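# Observations on chain architecture
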Amino acid sequence: MSDLLQFIFSGLTNGSIYALIALGFCVVNNTMGILNFIQVDFVTLGGMLMFTAVLSLSLPMIPGLLLAVVGVALVAMLVERFGLRPARSDNHLILVFITIGLSIILRGVIKLIWGKNRMAVPPLTPDHPVEIMGASVLPQALWILLLTLVAIALLSWFFYRTSLGLSMRAVASNPTAAAVVGIPAGRIRLTSYAIAGALGGLAGVLMTPITTLNYDVGVLLGLKGFAAAILGGFGSFPGAVIGGVILGLLESLSAGYLSSAYKDVVAFVVLLLVLFVRPKGLLGK
Amino acid sequence: MLQIDKVSKHFGGLPALSQVSFEVTEGQVTALIGPNGAGKSTLINCITGILEPGAGRIAFRRQELTGLKPHQISRLGIARTFQNLKIFPRLSVLDNVLTGLTGKGGGSLLMAMLRLPYLRHRERQLKLLALNALDRFALTDKADWPAGILAYGDKKRLELARACVSEPYLLLLDEPVAGLNAEETADIAEQLRILRSAGHTMLLVEHDMELVMTIADQVVVLDSGRCIATGTPDDIRRNPLVLEAYLGSMEATA
Amino acid sequence: MTGKEKLLYFLYLHRTGLTVTVLSLALLLYPLYQSNPYTLGLSNLIAINVIVVLGLALFIGFAGQISLGHATFFGMGAYGSAITTVTFGLPPWPAMVLVATLVGLFAWIIGVPILRLSGHYLAMATLGMNFVFHTVLLQWDQVTGGPSGFAGIPLLTLGSFAFDDEVRLHYLLWGFALLFLLLCLNLVRSGVGRGLAALAGEETAAAALGVNTQVAKLKVFILSAVLAAIAGSLFAHTYSYISPDSFDIFVATDFVIMVVIGGMGSVWGVLFGTGTITLLPEWVDFFETYKDFVHGGILVLVLIFLPQGLVAGLVDMVRVRMVLRRQKYASDR
């Protein structure tokens, strides 16, 4: 029983991270209609900036976290403005290719600045496991759950209460209508990248204390986040959250009860199964 | 030759076509007219299999078309042109016309890779057909140009050549003279007359009334998804319903 | 026509055949001029990559989809050959055919549902597939040898003639590469190839011209998988040792970059793209550090300025220039 609870907790923790990354994928997909491969490096970058903020600049945890998230959002905007926009192409094949290229470049930059070694990022609060109903839970896991909820709340507020957010949803549902009412496309693209970057960065900041940090840690996390987005129905925000949680649970339960050797494979088996059986995902239109 | 029988199509509750029925007779030119949004493109898309009609049936040479894929319908002998040009800009003009013969080129990937003598022979025959078509549409001297750099009028003719080259039973022409100047329009009209006298059956969607009235044997008028009149050009000219629905709205927008 | 014009016309008419002949002769004579095993080894690696990239270029160029998983098919070929020959003791040649067939079947099974998807899910799905494959190679060590790799794969032989040194391998590998190059050239020049080119340009128009778009995409996908599998088998028999790292997602990305440099759907471009990316580490000293910048930078810059890919884009530009100049010349006269 306490085993099960333990697995559920770790599933929820990982699931929250996948949900954050999946949301990042969805935001860019909804406004630009493309699969943004750079999302995976936003995750890595979040962890790296946190590492630097806390250990090199000796900032306290919360300012460090904010700095890292804002930093990734800024980088994401730069990437969109100077990497993606010059293409002036509306051919999705080419845009997706370009995000692949930019992702490789960004990974190169990260490798150059922070090196190839594995690093340890300190958790937000010291690692004294808390007992909850017989399961021992790291405080970091609680932070992850809490901050993911905060991020989702902020995101909903943005998309349902602010005019920019509402126009971004308009773009998602009908690009031509959005152009007619005169919503500047450039600002929307920039904002969606900033949001995607912030979400990815937050995921990186929160997760790397658990996984350890190196220059391609985001690739695997990002791919799982994408699997979560597909599972929930690509483009659907509630779907991304639900997909992330389900994926996290499936992963930790299968690692706990079946075999941990293939733990990382679960996400992709789920991804391929969803694509075969129900490509629009659980909540897709 | 083509029977359209009570075809209806809805988009999210909005009717785009309701109970449209008419027939395209072999050897004749049937023109489909109507104001913008009348459902002409929807109907063409239903005939060519891009859209599935919600109700009703479409039959071509006594074969049911509903449920067939676009490529199957094309292989039955229905060729079309597109309202907003769909030529292949990177292929040469000649190759563009040759794509119109895809159905006759043999479909086996393996055979194509081996390039057996019979295929080479067939390829030469197809090339002759294509060159003939280019000749008819006065594009021979541009045969090896990439199609993307042709002038607009040439592109329109190229698309027509591509549709005609396979000698289809039925030609669907979606606004063949849209965007052309008077001279180019006269040129295309002449081509269409030649095609008609050669016995081609055509379904023509067009806004250019002069062209429609001089070339069509039968005119079908659509308005808001309904078929409001069918008859010879003279009948249509005198039909009060048409005058009200179509010509009236034309004047209002003019 | 004057004699010169006749000659030019002859050259133009038979340009493909002549280029293939010249290339074959050059490759035939190459070992006489270059006997350094290291250099030959490099050009042999290019030949193997060419086979993979040929199929991938046709797939990306014609189906308009990105596959980031072709290292899977490549690896399936390599491990398939290794396992069937070493573990099950099959002779290499039949094993190669068997493995290629099985990989083709596998591609068919996953291709049917996957190619029905719109958008670029395929890119991620194939990336996921490659990831799963790589993990299986690492974890299932009783069969694959795990991280330490699979050794002792037999050499290819013809009778008593073994392909055991670089010169012999040069003829074997480039023989295969040229064969597949020729087959692919035939394909793009055929009616089927034009149908595929139409598909790449405009899917609705292609369907209206009678191209069965779903089946066409599937066929090219299977073709590309089979070519990658054969290349994998050759790879295994050439080096007698394989390890999972040759088939990870970064290798798959490199294949895609080779395609982009050569150009979408361009058969000749494949030679250039593959050659460039395979040789880059040899030419550029600081390459190891800046590899990512070079690869990513190439991808981004080429696509921003020549969306059709480097070689194909340049060829298109030259074609347009030539036509415009001829037209100007004609109107001046």
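Nothing here was measured: the structure is a model prediction, and the numbers come from that model.

### A closer look at the overall build of chain A
Along its length, chain A carries 11 helices and two strands. Taking 19 Å as the expected radius of gyration for a compact globule of 285 residues, we find that chain A reaches 18 Å, a close match to that expectation. Counting only C-alpha atoms, chain A reaches 60 × 45 × 35 Å along its principal axes. A sequence separation of at least 24 residues applies to 76% of the contacts in chain A between residues at least 6 apart. About 11,500 Å² of surface is accessible on chain A, with carbon and sulfur atoms providing 69% of the total.

### Some remarks on the pattern of salt bridges
Using the criterion set out here, one finds 24 salt bridges over all chains in the structure. Among the salt bridges present, the one from Glu251(A) reaches Lys263(A), with a minimum N-O distance of 4.0 Å. With Glu251(A) in helix α10 (residues 237-257) and Lys263(A) in the loop between α10 and α11 (266-277), the pair connects residues that are 12 residues apart, well separated along the chain. The partner of Glu167(B) in a salt bridge is Arg136(B), and the shortest N-O contact between them spans 3.8 Å. Taken together, the positions of Glu167(B) in the loop between α6 (152-164) and β7 (170-174) and Arg136(B) in helix α5 (residues 117-136) put the pair 31 residues apart, joining distant regions of the chain.

### Section: the interface of chain B and chain C
Facing 34 residues of chain B, the contacting portion of chain C comprises 37 residues. Buried area between chain B and chain C, summed over both chains or domains, comes out near 3,200 Å², and the portion from carbon and sulfur atoms is 63%. By the criterion of area lost to chain C, the three top residues of chain B are Arg90(B), Leu109(B) and Met113(B), representing 24% of everything that side buries. Linking chain B with chain C are four salt bridges, by the criterion used here. The residue Arg326(C) makes a salt bridge to Asp144(B) at a minimum N-O spacing of 3.7 Å. Between the two partners, chain B and chain C, sit nine residue pairs in polar contact (both at pLDDT 80 or more). For the side of chain B that touches chain C, the elements supplying multiple residues, two or more each, are α2 (70-75), β6 (78-80), α3 (93-99), α4 (109-114) and α5 of chain B.

### A word on the confidence of the model for chain C
Of the residues in chain C, 97% have a pLDDT of 70 or more, and the chain-wide mean is 88. We note a pTM of 0.88 for the whole complex and an ipTM of 0.85 for its interfaces.

### Re the interface of chain C and chain A
One frequently used descriptor of interface size is the decrease in accessible area upon assembly of the parts. Contacts between chain C and chain A engage 42 residues on the former and 39 residues on the latter. Of the roughly 3,500 Å² buried between chain C and chain A, counting both surfaces, carbon and sulfur atoms make up 86%. Considering only the side of chain C, the residues that lose the most area to chain A are Tyr121(C), Met124(C) and Asp292(C), jointly responsible for 19% of the buried surface there. Close ionic contact of Lys111(A) with Asp292(C) constitutes a salt bridge, the shortest N to O distance being 2.9 Å. Between chain C and chain A we count one residue pair in polar contact (both at pLDDT 80 or more) in total. At the level of secondary structure, the elements contributing two or more residues to the side of chain C that touches chain A comprise α5 (92-114), α6 (121-139), α12 (249-262) and α14 (287-305) of chain C. Per-element tally for the side of chain C that touches chain A: the top contributor is α6(C), with 12 residues. For the side of chain C that touches chain A, the class distribution of residues is 30 nonpolar, 11 polar and one charged.

### Things to note about the arrangement of the chains
For the two pairs of chains in contact, the largest share of contacts goes to chains A and C. With respect to C-alpha atoms, chain A approaches chain B no nearer than 14 Å, and the pair has no contact.

### Notes on the nonpolar core
Within the largest apolar cluster, 208 residues are counted, with the highest numbers of intra-cluster contacts made by Phe97(A), Phe73(C) and Ile242(C). Excluding residues that lie within four positions of it along the chain, Ile242(C) makes contacts with Ala78(C), Tyr79(C), Ala82(C), Gly149(C), Phe150(C), Ile153(C), Phe235(C), Ala236(C) and Phe247(C). Within the second largest apolar cluster, 37 residues are counted, among which are Leu101(B), Phe137(B), Val165(B) and Val177(B).

### Comments concerning the side chain of Thr274(C)
Residue and element names in this part refer to chain C. Along the chain, the position of Thr 274 falls in helix α13 (residues 267-283). Classification of Thr 274 as buried rests on a relative accessible area of 0%. Residue contacts for Thr 274: discarding those within four places in its chain leaves Ile 46, Asn 49, Val 50, Val 53 and Met 258.

### Some words on the pairing of strand β10 (residues 226-231) of chain B
Residues and elements named next belong to chain B. Across five bridges, strand β9 (residues 218-223) lies against β10 in antiparallel orientation. Within β10, the position partnered with Val 221 by the bridge is Ala 229. Joining the antiparallel neighbours β9 and β10 is a turn of two residues, in which Ser 224 adopts a positive phi near 45°.

### Overview of the sheet that holds strand β2 (residues 14-24) of chain B
What holds strands together in a sheet is hydrogen bonding between their backbones, with the strands either parallel or antiparallel. All names here are of chain B. Across the sheet, four strands lie side by side as β2-β1-β4-β5; this open sheet has antiparallel pairing. Every other strand in the sheet has two partners, leaving β2 and β5 (63-64) as the edge strands with one partner each. Across the sheet, helix α1 (residues 40-47) touches β1 (2-11), β2 and β4 (55-60), and the angle it forms with β2 is around 65°.

### A few points about the packing of aromatic side chains
Going through the model one piece at a time under the given rule, you end up with 20 aromatic pairs over all chains. Between Phe25(A) and Phe226(A) the ring centres are 5.6 Å apart and the planes differ by 75°, which places this aromatic pair in the edge-to-face class. With Phe25(A) in helix α1 (residues 2-32) and Phe226(A) in helix α9 (residues 217-232), this residue pair connects regions lying 201 residues apart in the sequence. When its relative accessible area of 1% is taken as the criterion, Phe25(A) is described as buried. Residue Phe226(A) is classed as buried on the basis of its relative accessible area of 0%. Here the aromatic rings of Phe235(C) and Phe247(C) are separated by 5.9 Å at their centres, their planes lie at 80°, and the arrangement is edge-to-face. Separated by 12 residues along the polypeptide, Phe235(C) in helix α11 (residues 213-239) and Phe247(C) in the loop between α11 and α12 bring together distant segments of the chain.

How each quantity is defined
Residues numbered from 1 in each chain as written. Chains lettered and ligands numbered in written order. Predicted model: local features only at pLDDT ≥ 70, side-chain atom pairs only at ≥ 80, totals over all residues. Heavy atoms only, no water. Helix = DSSP H or I, 4+ residues; strand = E, 2+ residues; numbered from the N terminus. Rg over C-alpha atoms; globule rule 2.2 N^0.38 Å. Contact = heavy atoms within 4.5 Å. Areas by Shrake-Rupley, 256 points an atom, 1.4 Å probe, with all protein chains shown as cover. Salt bridge = Lys/Arg side-chain N within 4 Å of Asp/Glu carboxyl O. Buried area = accessible area lost by both parts, 1.4 Å probe. Polar contact = N/O pair within 3.5 Å; in protein donor to acceptor, adjacent residues only side chain to side chain. pLDDT = per-residue confidence, 0-100. Nonpolar A, V, L, I, M, F, W, Y, C, P; charged D, E, K, R; others polar. Core = buried A, V, L, I, M, F, W, Y, C linked by side-chain atoms within 4.5 Å. Buried < 20%, exposed > 50% of the residue type's maximum accessible area, 1.4 Å probe, protein only. Pairing = 2+ DSSP bridges. Axes fitted to C-alpha atoms, helices over the stretch in contact; angles between N-to-C directions. Phe/Tyr/Trp six-rings, centres within 6.5 Å; stacked < 30°, edge-to-face > 60°.

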